[in-house]
Amino acid sequence: MEKNINNDETRLFDLIESTPFSELSISDRLFVESQITEEEFTLQRRIMSDSSEIFPENITPHQLQTPSVKNVKMIPLYQALLAISAIFILFITIWPNPTEGTQNQLTASSKVQNKKEFIHDTIIKYVNQVKIIEKTVYDTVVELVTATKLNFQEPKLLEAVQTLSLPELNKEMIATKGVSLKDDNSSRFTLKLNNFR
Amino acid sequence: MKLHPIHINQKNDEELMVLIMDHHSHPALIELHKRYSKKLLGYFIKMLNKDIDKAQDFVQDLFLKIMEKKHLFDPEKKFYTWIFTIANNMCKTAYRNPFLQRISEDGYEINSKASLSDNLAEKEFFNLLLEKSLNNLEEHHKTTFILRFMEHFSLQEIADITETSLGTVKSRLFYATQKMAKELKEYNPKFESNLFKLN
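Draft legend 1. Spotlight on the overall build of chain A. Looking only at helices and strands, one finds seven helices and zero strands in chain A. Split into buried and exposed, the 197 residues of chain A put 16% on the buried side. Contacts in chain A between residues far apart in sequence, at least 24 positions, make up 28% of those at least 6 positions apart. Working note: accessible area of chain A is about 18100 Å², and carbon and sulfur atoms make up 59% of it.

Okay, structure coming up:
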């Protein structure tokens, strides 16, 4: 930080800048001599006055070179209107119709819905065809069992050829050839049930 | 927008700046360049250690900056104070560039030795030493000194340009002059003649 000069220094500086030493009043001269010598006073004054001569003053500055300014040309009003309308028509032509866009969008969304239903139907079909689906409802399984029964063929017995020849039954073969119990001698060994009544 | 040249010439600096601000007036900028380019070139030459080419570039850059930063101008204030504030800031930036400082110091040494060997007249010799002592000043002292004793600005204007107080300007001028006098003291012809007498 630069320190400010005091009042004496200010007065001295003002005197050096404004008045030659020879023209100083007596009081000013006494004051100056109390601060610096006459030579120093003269030297400082000369520094101030001669400094303007040390640099050349006759140098001409170059011409100003500014960036080129764009010339703004005015065009007739009809040209401006034509240009605007042409741009508008071009815009209308190129830009897609907003209504068509909505319809397309609706179609697309409905397609998505159909697809969802189709997936749902497919799931039901899979169930009927006894494809194994983990989340199959129990009722559906019962129905599937029925369907399975219908689909299964009845198991058939082996069709063996009759190889045994059986005799034909007749009266002789059926006729009783034994003796009755009352006539049989061995009947005496049988229990007489009538005795227990 | 095309403006009549007579109108441009009759307008003051601040009115021209308003034209630049409001209408991007190219003729107004050219008129300002016409009025201030020489003064600014001289200032830049002094500040940039006689590097005339660089000073010319600085003048160009300064007027381009005016176009770019025209919105920063306050029409209530003086134009030339504002333009020298920009110039001062450009020099400050240049002084921060070590490459520029090295070139100027080297260039100065060559000139000084060459001139000494040529036995220049007393006045030329004094001016040469004055230039040397000026270049040896610190940037803020040099700026203040040049604005006051070479560009002849008032103390208040210097305070505005350097964005400091009046007291600081006086202080800088006082110390700048003292430092230069200290360096020049041994080359004072009066002291020199005394030395010869003693010898």
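Having seen it, we continue.
Draft legend 2. Quick look at the pattern of salt bridges. Residue and element names in this part refer to chain B. Scanning the entire structure with this criterion turns up ten salt bridges over all chains. For Arg 35, the salt bridge identified is with Glu 31, shortest N-O distance 2.9 Å. One end of the pair, Arg 35, and the other, Glu 31, are both in helix H3 (residues 26-47), four residues apart, so they sit about a helical turn from each other. Classification of Arg 35 as partly exposed rests on a relative accessible area of 27%. Under the relative-accessibility criterion, Glu 31 is labelled buried at 10%.

Draft legend 3. Just the packing of helix H4 (residues 52-68) of chain B against helix H5 (residues 79-96) of chain B, in detail. Residues and elements named next belong to chain B. Between H4 and H5, the shortest axis-to-axis distance is 11 Å and the interhelical angle comes to 125°. The angle between H4 and H5 places the two elements in the oblique class. Note that H4 runs across H5; the crossing there is right-handed. In this structure, H4 contributes Phe 58, Asp 61, Leu 62, Phe 63, Lys 65 and Ile 66 to the contact, and H5 contributes Phe 79, Trp 82, Ile 83, Ile 86, Ala 87, Met 90, Cys 91 and Ala 94.

Draft legend 4. Region of the structure containing the packing of aromatic side chains. All names here are of chain B. Evaluated as defined, the whole model comprises twelve aromatic pairs over all chains. Plain terms: the ring middles of Tyr 43 and Phe 44 are 6.0 Å apart, the flat faces sit at 55° to each other, and that makes the pair tilted. We note that Tyr 43, like Phe 44, is buried. Arranged with centres 5.4 Å apart and planes meeting at 75°, the rings of Tyr 43 and Phe 84 form a pair that is edge-to-face. On the criterion of sequence distance, the pair formed by Tyr 43 in helix H3 and Phe 84 in helix H5 is long-range, its members being 41 residues apart.

Draft legend 5. Representation of the nonpolar core. Counting 77 residues, the largest nonpolar core has Leu40(B), Phe44(B), Phe63(B) and Ile83(B) as the members making the most contacts within it. Leaving out residues up to four positions away in the same chain, Ile83(B) has contacts with Tyr36(B), Leu40(B), Leu62(B), Phe63(B) and Ile66(B).

Draft legend 6. The interface of chain A and chain B, seen in detail. Contacts between the two partners involve 34 residues from chain A, matched on the other side by 47 residues from chain B. Buried area between chain A and chain B, both sides added, is near 3900 Å², and the carbon and sulfur share of it is 66%. For Lys185(B), the salt bridge identified is with Glu40(A), shortest N-O distance 2.7 Å. Where chain A touches chain B, the interface holds six residue pairs in polar contact (both at pLDDT 80 or more). A total of eight residues in the side of chain A that touches chain B trace back to one element, the largest contributor, which is helix H3 (residues 38-50) of chain A. Taken together, the residues of the side of chain A that touches chain B break down into 14 nonpolar, ten polar and ten charged.

Draft legend 7. Quick peek at the side chain of Gln44(A). The topology assignment puts Gln44(A) in helix H3. Of the residues examined, Gln44(A) reaches a relative accessible area of 5% and is grouped as buried. With residues up to four places along the chain from it excluded, the contact list for Gln44(A) reads Ile16(A), Ile36(A), Thr177(B), Gln178(B) and Ala181(B).

Draft legend 8. Broad picture of unusual backbone geometry. Residues and elements named next belong to chain B. The phi angle at His 24 is positive, at roughly 50°, despite the residue not being glycine. On the secondary structure map, His 24 appears in the loop between helix H2 (13-23) and H3. Phi at His 152 takes a positive value of approximately 60°, unusual for a residue other than glycine. On the secondary structure map, His 152 appears in the loop between helix H8 (139-149) and helix H9 (155-162). A relative accessible area of 58% places His 152 in the exposed class.

Draft legend 9. Inspection of the confidence of the model for chain B at higher detail. Residue and element names in this part refer to chain B. Per-residue confidence for chain B averages 79 on the pLDDT scale, and 78% of its residues sit at or above 70. The model gives residues 102-119 a pLDDT under 50, and that stretch makes eight contacts with residues more than four places away or in other chains. Confidence drops under a pLDDT of 50 for residues 191-199, and excluding neighbours within four residues, the segment shows three contacts in the predicted structure.

Draft legend 10. Inspection of the environment of Leu173(B) at higher detail. Residue position: Leu173(B) is located in helix H10 (residues 166-184). On the basis of relative accessibility, which here comes to 0%, the residue Leu173(B) falls in the buried class. Ignoring anything within four residues of it in the chain, the contact list for Leu173(B) reads Phe13(A), Thr144(B), Phe145(B), Arg148(B), Phe149(B) and Leu155(B).

Draft legend 11. Representation of a nonpolar patch on the surface in the model. Taken together, the side chains of Phe88(A), Ile89(A), Phe91(A), Ile92(A) and Trp95(A) present a nonpolar region at the surface, about 590 Å² in accessible area. Within the element layout of this structure, Ile92(A) appears in helix H4 (residues 77-94).

Draft legend 12. Seen up close, the packing of H3(B) against H8(B). Residue and element names in this part refer to chain B. It is at 11 Å that the axes of H3 and H8 come closest, and there the two elements cross at 145°. The two elements H3 and H8 cross, and the hand of that crossing is right-handed. Across the interface between the two elements, Tyr 43, Lys 46 and Met 47 of H3 pack against Lys 142, Thr 143, Ile 146 and Leu 147 of H8. A per-class count over the contact of H3 with H8 returns four nonpolar, one polar and two charged.

About the thresholds
Residues numbered from 1 in each chain as written. Chains lettered and ligands numbered in written order. Predicted model: local features only at pLDDT ≥ 70, side-chain atom pairs only at ≥ 80, totals over all residues. Heavy atoms only, no water. Helix = DSSP H or I, 4+ residues; strand = E, 2+ residues; numbered from the N terminus. Buried < 20%, exposed > 50% of the residue type's maximum accessible area, 1.4 Å probe, protein only. Contact = heavy atoms within 4.5 Å. Areas by Shrake-Rupley, 256 points an atom, 1.4 Å probe, with all protein chains shown as cover. Salt bridge = Lys/Arg side-chain N within 4 Å of Asp/Glu carboxyl O. Axes fitted to C-alpha atoms, helices over the stretch in contact; angles between N-to-C directions. Parallel < 35°, antiparallel > 145°, perpendicular 65-115°, else oblique. Left-handed = near helix turned anticlockwise from the far one by under 90°. Phe/Tyr/Trp six-rings, centres within 6.5 Å; stacked < 30°, edge-to-face > 60°. Core = buried A, V, L, I, M, F, W, Y, C linked by side-chain atoms within 4.5 Å. Buried area = accessible area lost by both parts, 1.4 Å probe. Polar contact = N/O pair within 3.5 Å; in protein donor to acceptor, adjacent residues only side chain to side chain. Nonpolar A, V, L, I, M, F, W, Y, C, P; charged D, E, K, R; others polar. pLDDT = per-residue confidence, 0-100. Patch = residues over 30% accessible without salt bridge, like charges linked within 9 Å, V, L, I, M, F, W, Y side chains within 5 Å.

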